[in-house]
Amino acid sequence: MIYYYDGSIDGLFTVIFEKYKEIGKCEIKTKTDQMNFLESEIIKTNLVKSERVITSVRDNVGKDFFENVFKVFKSKHPKKEEIIAITIKSSLIYGNAYLTSAKKSAVTFNRIVHNFNHETHAYKGFTRFREIQDEYLLAEITPENDILIHLTLHFLRRMPAEKFIIYDKNRQKASVCEFGSYEELEILEMDAVESQKEVIFKDAWRGFYDAIGIDERKNKKLMQANMPKKYWKYLPEKN
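Residues numbered from 1 in each chain as written. Predicted model: local features only at pLDDT ≥ 70, side-chain atom pairs only at ≥ 80, totals over all residues. Heavy atoms only, no water.

K.L.:
Go over the packing of helix H4 (residues 80-94) against helix H5 (residues 104-126), please, and point to the residues and values.
P.N.:
H5 packs onto H4 with a crossing angle of 120° between their chain directions and a minimal axis gap of 9 Å. Judged on the interaxial angle alone, H5 and H4 are oblique. Handedness of the crossing formed by H4 with H5: left-handed. Contacts between H4 and H5 involve Ile83, Ile86 and Thr87 from the first element and Ser105, Thr108, Phe109 and Ile112 from the second. Here the contact of H4 with H5 is built from residues that sort into four nonpolar, three polar and no charged. (Axes fitted to C-alpha atoms, helices over the stretch in contact; angles between N-to-C directions. Helix = DSSP H or I, 4+ residues; strand = E, 2+ residues; numbered from the N terminus. Parallel < 35°, antiparallel > 145°, perpendicular 65-115°, else oblique. Left-handed = near helix turned anticlockwise from the far one by under 90°. Contact = heavy atoms within 4.5 Å. Nonpolar A, V, L, I, M, F, W, Y, C, P; charged D, E, K, R; others polar.)

K.L.:
Explain the domain arrangement of the protein chain to me, using residue names and the numbers behind them.
P.N.:
If you check the domain split of the protein chain, you get domain 1 (2-119) and domain 2 (127-231). Measuring from the centre of the C-alpha atoms in domain 1 to the corresponding centre in domain 2 gives 32 Å. Listed by partner, the interface residues are eight residues for domain 1 and eight residues for domain 2. Between domain 1 and domain 2, a total of about 850 Å² is buried, with carbon and sulfur atoms accounting for 48% of that surface. Counting every contact that joins domain 1 to domain 2 gives two salt bridges. At the junction of domain 1 and domain 2, the tally comes to six residue pairs in polar contact (both at pLDDT 80 or more). (Domains from an automatic or database assignment. Buried area = accessible area lost by both parts, 1.4 Å probe. Salt bridge = Lys/Arg side-chain N within 4 Å of Asp/Glu carboxyl O. Polar contact = N/O pair within 3.5 Å; in protein donor to acceptor, adjacent residues only side chain to side chain.)

K.L.:
Got a sec to walk through the pattern of salt bridges? Specific residues and values, please.
P.N.:
Tallied over the entire structure, the rule returns 16 salt bridges. Note that Glu27 is salt-bridged to Lys79, the shortest N-O span being 3.7 Å. Here the residue Glu27 occupies a position in strand E2 (residues 27-30), and Lys79 occupies one in the loop between helix H3 (63-73) and H4, the gap between them amounting to 52 residues. A single network of salt bridges, built from pairs that share partners, joins Glu27, Lys29, Lys79 and Glu82.

K.L.:
Which residues make up the pairing of strand E1 (residues 2-5), and what values go with them?
P.N.:
Two faces make up the sheet, and in a regular strand the side chains alternate between them. Neither face of E1 is left uncovered, since the one carrying Ile2 and Tyr4 and the one carrying Tyr3 and Tyr5 both have all their residues buried. Here E1 runs beside E2; their pairing, made up of four bridges, is parallel. What sits directly across from Ile2, in E2, is Glu27. Taken together, E1, helix H1 (residues 9-18) and E2 form a β-α-β motif whose crossover is right-handed. Sheet analysis places E1 next to strand E3 (residues 40-42), joined by three bridges and oriented parallel. Note that in E3 the partner of Tyr4 across the bridge is Ile42. (Buried < 20%, exposed > 50% of the residue type's maximum accessible area, 1.4 Å probe, protein only. Pairing = 2+ DSSP bridges. Right-handed = clockwise from strand over helix to strand, strands pointing away.)

K.L.:
Describe H4, with residues and values.
P.N.:
Counting along an α-helix, one turn takes 3.6 residues, and residues three or four places apart therefore face a common direction. Taking 1.5 Å of rise per residue, the 15 residues of H4 would be expected to cover 21 Å, and the 21 Å separating its terminal C-alpha atoms lies within 8% of that figure. Counting buried positions along H4 yields 11 of 15 residues, so the element is predominantly enclosed. In this structure, the buried residues of H4 make contact with E1, H1, E2, helix H2 (47-60), H3 and H5. (Expected span 1.5 Å × (residues − 1).)

K.L.:
Break down the environment of Asp146 for me, citing the residues and quoting the values.
P.N.:
By the secondary structure assignment, Asp146 is in the loop between strand E5 (137-141) and helix H6 (148-158). The residues contacting Asp146, other than those within four sequence positions of it, are Lys74, Phe116, Asp168, Arg171 and Lys173. In terms of polar contacts, Asp146 uses its side chain to reach the side chain of Lys173, at 2.8 Å.

K.L.:
Give a detailed account of the packing of H1 against H2, specifying residues and quantitative values.
P.N.:
At their nearest, the axes of H1 and H2 sit 8 Å apart, and the two run at 80° to each other. If you check the angle between H1 and H2, you find them roughly perpendicular. Where H1 abuts H2, its residues Asp10, Phe13, Thr14, Ile16, Phe17 and Glu18 lie against Leu47, Lys49, Ser50, Arg52, Val53 and Ile54.

K.L.:
Go over the packing of aromatic side chains, please, and point to the residues and values.
P.N.:
One pass over the full model with this rule turns up eight aromatic pairs. With a centroid separation of 6.5 Å and an interplanar angle of 20°, the aromatic rings of Tyr94 and Tyr98 are classed as stacked. Assessed through its relative accessible area of 59%, Tyr94 is described here as exposed. Aromatic pair Phe129 and Phe155: ring centres 5.1 Å apart, planes at 80°, arrangement edge-to-face. Here Phe129, found in the loop between H5 and strand E4 (130-131), pairs with Phe155, found in helix H6; they are 26 residues apart in sequence, far enough to count as distant. These aromatic residues form a ring-pair network of at least three members: Tyr123, Phe126 and Tyr231. (Phe/Tyr/Trp six-rings, centres within 6.5 Å; stacked < 30°, edge-to-face > 60°.)

Here it is as structure tokens:
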């Protein structure tokens, strides 16, 4: 049996609430234009039922686990819905011990969380901002997982007095942040124009980078080990 939901986390929690007994024996998928209607059912999002699942998870398994559930939901894993559902059900039955067990769902769940945290940590260090029109700072990212909200909250704490935008090109959405608050928007294309000050600083940085570099000591393999090449596209000194 396949259960379709609207793609929201509240929708997924509604499926878990309504089909609790069938978890582990069913598929859970986001509604699309190519749904299989032969052996399937569309589950309508119910915020009351979703809140009951959230409360039960927080009270019985813990807030840290709930935060990890959100990370898995934001991950790129193709079977994340079923993994979340099975892990929640098993944790409610067996307690926190299930999360450190060798069960397939628990191991996969923890591996996804690790991958999500690793990518978020990497982007905290490798994200580069440039000044564009209206004195905004712009950072463009292309993460595999949907880490935008986690990255946004990090930089809001680091730069509470700035105006900045973090644009996820893969998902065509951005966080527009002004003086400690933010709004998430869908943006099909970022029409950014670098300020004159940015152009001057970028040229100066490239000149400095070239001046201190020693050609005989360049080690491209070590560079890639310290910073994977997928992060180079927005580094002025690498372009």
